[in-house]
Amino acid sequence: MKNKTLDLIKDKNSDLEKAKAIYQWVQQNVHYVAFEDGMGGFIPREASDIFQKLYGDCKDMANLLNEMFRYAQLNSNLTWIGTRHKPYTYADVPTPQVDNHMITNVVIDGKSYFMDATDKFCPFPFPSTFIQGKEALIGKTEKEFKIEKIPEVESGRNKTTILMKLNLENSSIVGDVSVSVSGFKKELFIEPSFCL
């Protein structure tokens, strides 16, 4: 796992480029399998096991991403969060009932990024669609944590641009159309059946 991490970042010039390379490798090579049994519903499995098996649930993928970020000497921590299926804040319900998902928080140049590799088509460095605007519980140490709100991606970064050149010829419409899709619109276009 350490060797793979170092190989992924060897030609990267910035911490953001390193994070992107690691995130995209986990995102594309580790398969999300929802499996929760007993304490396995709360505690991630060993990152080295997930690296070998190339599958795991959200906690497993977050733990692998976290460990690889740390091998790259990035400031990274595991982060509990509730998806939009959980309408609570930590002030409302200060219990594990607030959370049903785990991601990885990485801080680069003083900016906090929330990485969720379970969404195979989420563009870097966007937070996945189902956690935006939610409170995240970032575990700093066994006794220290931080609650931070996940930012919402500006609408202008999620767009579809359509360019049409059409002519009417013998009662038929003839022409060329090009479509450019970016951000979450691209994610939905690539994988329309993706759903959590």
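Predicted model, so just to flag it, every value in this text is computed and none were measured.

Chemist: Help me understand the overall build of the protein in this model?
Modeler: For the protein, the count of helices and strands is five helices and nine strands. When the elements of the protein are put in sequence order from the N terminus, they spell out α-α-β-α-β-α-β-β-β-β-β-β-β-α. In terms of principal-axis extent, the alpha carbons of the protein reach across some 75 × 45 × 35 Å. Across the 196 residues that make up the protein, the buried fraction comes to 38%. In the protein, of all internal contacts separated by at least 6 residues, the share reaching a separation of at least 24 is 55%. Of the roughly 11600 Å² that the protein leaves accessible, carbon and sulfur atoms contribute 52%. Separation between the mean location of the 24 positive side-chain charges and that of the 26 negative ones in the protein comes to 3 Å.

Chemist: I would appreciate a short explanation of the sheet that holds strand β5 (residues 111-115) in the present structure.
Modeler: Two orientations exist for strands paired in a sheet by backbone hydrogen bonds: parallel and antiparallel. With respect to topology, five strands assemble into an open sheet ordered β5-β4-β3-β6-β7, the strand pairing being antiparallel. Unpaired on one side and paired on the other, β5 and β7 (145-149) mark the two borders of the sheet. Mean inter-strand twist for the sheet, computed between neighbouring axes without regard to direction, equals 35°. Bridge analysis of strand β4 (residues 101-108) against β5 gives five bridges, and the strand direction is antiparallel. Looking at β5, one finds that Val 107 is bridged to Ser 112. Seen against the sheet, helix α4 (residues 58-71) touches β3 (75-81), β4 and β5 and runs at an angle of roughly 20° to β4.

Chemist: Even after reading the chapter, I still don't get the nonpolar core, so can you show me in this structure?
Modeler: For soluble globular proteins, nonpolar side chains are generally found buried alongside one another. Counting residues in hydrophobic clusters, the biggest one holds 27 residues, and the most contacted among them are Ile 22, Val 26, Leu 64, Leu 65, Phe 69 and Met 115. Elements represented by at least two residues in this core include exactly α1 (2-9), α2 (15-29), α3 (47-53), α4, β4 and β5. Look past the residues within four positions of Phe 69 in its chain and what remains in contact with it is Ala 19, Ile 22, Tyr 23, Leu 74, Ser 76, Thr 104, Val 106 and Met 115.

Chemist: Whenever I open this one, the pairing of β3 confuses me. Can you help?
Modeler: Remark: a regular strand shows side chains that alternate across the two faces of the sheet. Relative to β4, β3 runs antiparallel, the two sharing seven bridges. The residue of β4 that forms the bridge with Ser 76 is Val 106. Of the strand pairs in this sheet, β3 and strand β6 (residues 135-139) are connected by three bridges, and their pairing is antiparallel. Of the residues in β6, the one forming a bridge with Trp 80 is Leu 137.

Chemist: When you look at α1 in this model, what are you seeing that I'm missing?
Modeler: Three- or four-residue spacings in an α-helix give side chains the same orientation, since the helix completes a turn every 3.6 residues. Considered for burial, the residues of α1 that qualify are Thr 5, Leu 8 and Ile 9. Projected down its long axis, α1 shows its buried positions confined to an angular sector of 85°, all on one face. In this structure, the buried residues of α1 make contact with α2 and α4.

What counts as what
Residues numbered from 1 in each chain as written. Predicted model: local features only at pLDDT ≥ 70, side-chain atom pairs only at ≥ 80, totals over all residues. Heavy atoms only, no water. Helix = DSSP H or I, 4+ residues; strand = E, 2+ residues; numbered from the N terminus. Buried < 20%, exposed > 50% of the residue type's maximum accessible area, 1.4 Å probe, protein only. Contact = heavy atoms within 4.5 Å. Areas by Shrake-Rupley, 256 points an atom, 1.4 Å probe, with all protein chains shown as cover. Lys, Arg positive; Asp, Glu negative; His and termini not counted. Charge placed at Lys NZ, Arg CZ, Asp CG, Glu CD. Pairing = 2+ DSSP bridges. Axes fitted to C-alpha atoms, helices over the stretch in contact; angles between N-to-C directions. Core = buried A, V, L, I, M, F, W, Y, C linked by side-chain atoms within 4.5 Å. Arc of directions from axis to C-beta.

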